[in-house]
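This is what each chain is made of:
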Amino acid sequence: MLKKIIPIILLIVSFITINAQVPKGFNALSNETEFRQKLVAASNSTQSIKSNFTQEKNLNVLSEKITSKGEFRFKKQNKVRMEYTSPFKYLLIINGDKITIKDDQKTNSFSSKSNKLFAVINNIVLDCVQGTALENKDFTKKIFKSDKEYLLILSPQKKELKEFFNSINIYLDAKDCSVIKLDMLEPTGDNTVITFTNKEYNVVIPDAVFISN
Amino acid sequence: MRYLLVISFIIISIGCSKSPYSSLQKSDADKLCIAKFKPLFTSILYNTKIDVVGKHLSGLLLFKTMPDSSIRVVFTNEMGAKLFDFEYRNSGFKSLYCISQLNKKIVIRQLKEDIGYLIMDAINFSSASVKQNNNQLYFEFANKKTKTYYITDDNCLKLLRIENVSKNKKKIVIDLGDYKSGMPDSVNIAHQLFQFNISLKQIDR
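The following paragraphs examine the structure supplied in this document. Note that this is a predicted model, so its numbers are computed, not measured. (Residues numbered from 1 in each chain as written. Chains lettered and ligands numbered in written order. Predicted model: local features only at pLDDT ≥ 70, side-chain atom pairs only at ≥ 80, totals over all residues.)

**Some words on the overall build of chain B**
Link 1 in the chain: Each helix and strand in chain B was counted, giving two helices and 15 strands.
Link 2 in the chain: Taking the principal axes of its C-alpha atoms as reference, chain B extends roughly 55 × 45 × 30 Å.
Link 3 in the chain: Relative to its 205 residues, chain B shows a buried fraction of 26%.
Link 4 in the chain: In chain B, the proportion of contacts linking residues at least 24 apart, taken out of those at least 6 apart, comes to 36%. (Helix = DSSP H or I, 4+ residues; strand = E, 2+ residues; numbered from the N terminus. Buried ≥ 20, exposed ≤ 12 C-beta atoms within 10 Å, placed from the backbone. Contact = placed C-beta atoms within 7 Å.)

**Side note on the overall build of chain A**
Link 1 in the chain: Per the secondary structure count, chain A includes four helices and twelve strands.
Link 2 in the chain: Taking all 213 residues of chain A together, the buried fraction comes to 29%.

**Observations concerning the interface of chain A and chain B**
Link 1 in the chain: Opposite the 23 residues of chain A that make contact, chain B presents 23 residues.
Link 2 in the chain: For the side of chain A that touches chain B, the elements supplying multiple residues, two or more each, are strand 2 (48-59), strand 3 (64-75) and helix 3 (116-130) of chain A.
Link 3 in the chain: If one sorts the elements of the side of chain A that touches chain B by residue count, strand 2 of chain A sits on top with three residues.

**Points about the pairing of strand 2 (residues 43-52) of chain B**
All names here are of chain B.
Link 1 in the chain: Relative to strand 3 (residues 55-65), strand 2 runs antiparallel, the two sharing ten bridges. Counterpart to Leu45 in the pairing with strand 3 is Leu62.
Link 2 in the chain: The antiparallel hairpin formed by strand 2 and strand 3 contains two residues in its connecting segment, where Val53 sits at a positive phi of about 30°. (Pairing = 2+ DSSP bridges.)

Below you can see the structure in the form of structure tokens.
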């Protein structure tokens, strides 16, 4: 009797495990080539992005949410400006390998190579907007699809990245592969969601925007 | 021989220098009056700047009182990365999370103490001895190695600053702004013996 039950239990457990890996509302992607083509096409046609963003830091054990807002700018190649405007002022500029951060007191500039966390954020942001996330060798990738969105789950491979992230989940618009939101899940159960809104593409953004005064 | 004279002079000078606390006079003010300044809050967020030996970093410091009355203090950078998560409860202090770059005994001990002074962690108010000087009341709490003074105006209506003292020399001076939502609106923690400064400003949410 037991011999008959065990395989059934194992089957149920494996079914649950497989389903647990697929986020709710999403299915495993059947045609990865089509997704890759869309991503490349979107990247090729995007010279610049201007949008607003809302960041929600969820400290889940504490039942606390810290919400901040700001403006996002991207320009090819490798130029990103994230300017937090509320409830605090903070500026992050990525210009190639150079990262500049400015709070209301001081400006610090350094190479992304000298700061692992900023290097990761630098690469993720650029990978998202430049459509190169699938090429990033620091992560294993899983792709899912719903009616309206693709979900790209990046799981870090390196120990120093695992300290910060369990996974980085990128939600992309199924129509044009533009980034809707990033969800960065931490090993402690906390997460940070950055949602992009009011997106404008290929507007003129002067290079000076990516230089801190 | 010349060096010996110079060193001796320095040692004698330090030894004879007058402690800023030697002129404090005993006061009859109510020692329990200081207890009303113990921060009482649900959740407070501070914009935070830290300057330590030439390095500057900024972020957000969250103070939260949990349902079991323990206090959690969480520091994140502006982009959401958590840097440390400390727990203060009656039974003791715990570092629940700390990124590897900060996870050094001496760093955690210093941060624990600095934040502990601010939230008046583990203070037995009835053990205070009250002194006065220049229209200010000094509520003195002594432990084995240091003394901590909570300094108010002469009517004990406003907590002005906190000073931690070792061998009559100031180690830490914490300047406090007016209370808002149960905690000081602004805080400046200045270490006197090495360059380490933490400044906090409450964020309206």
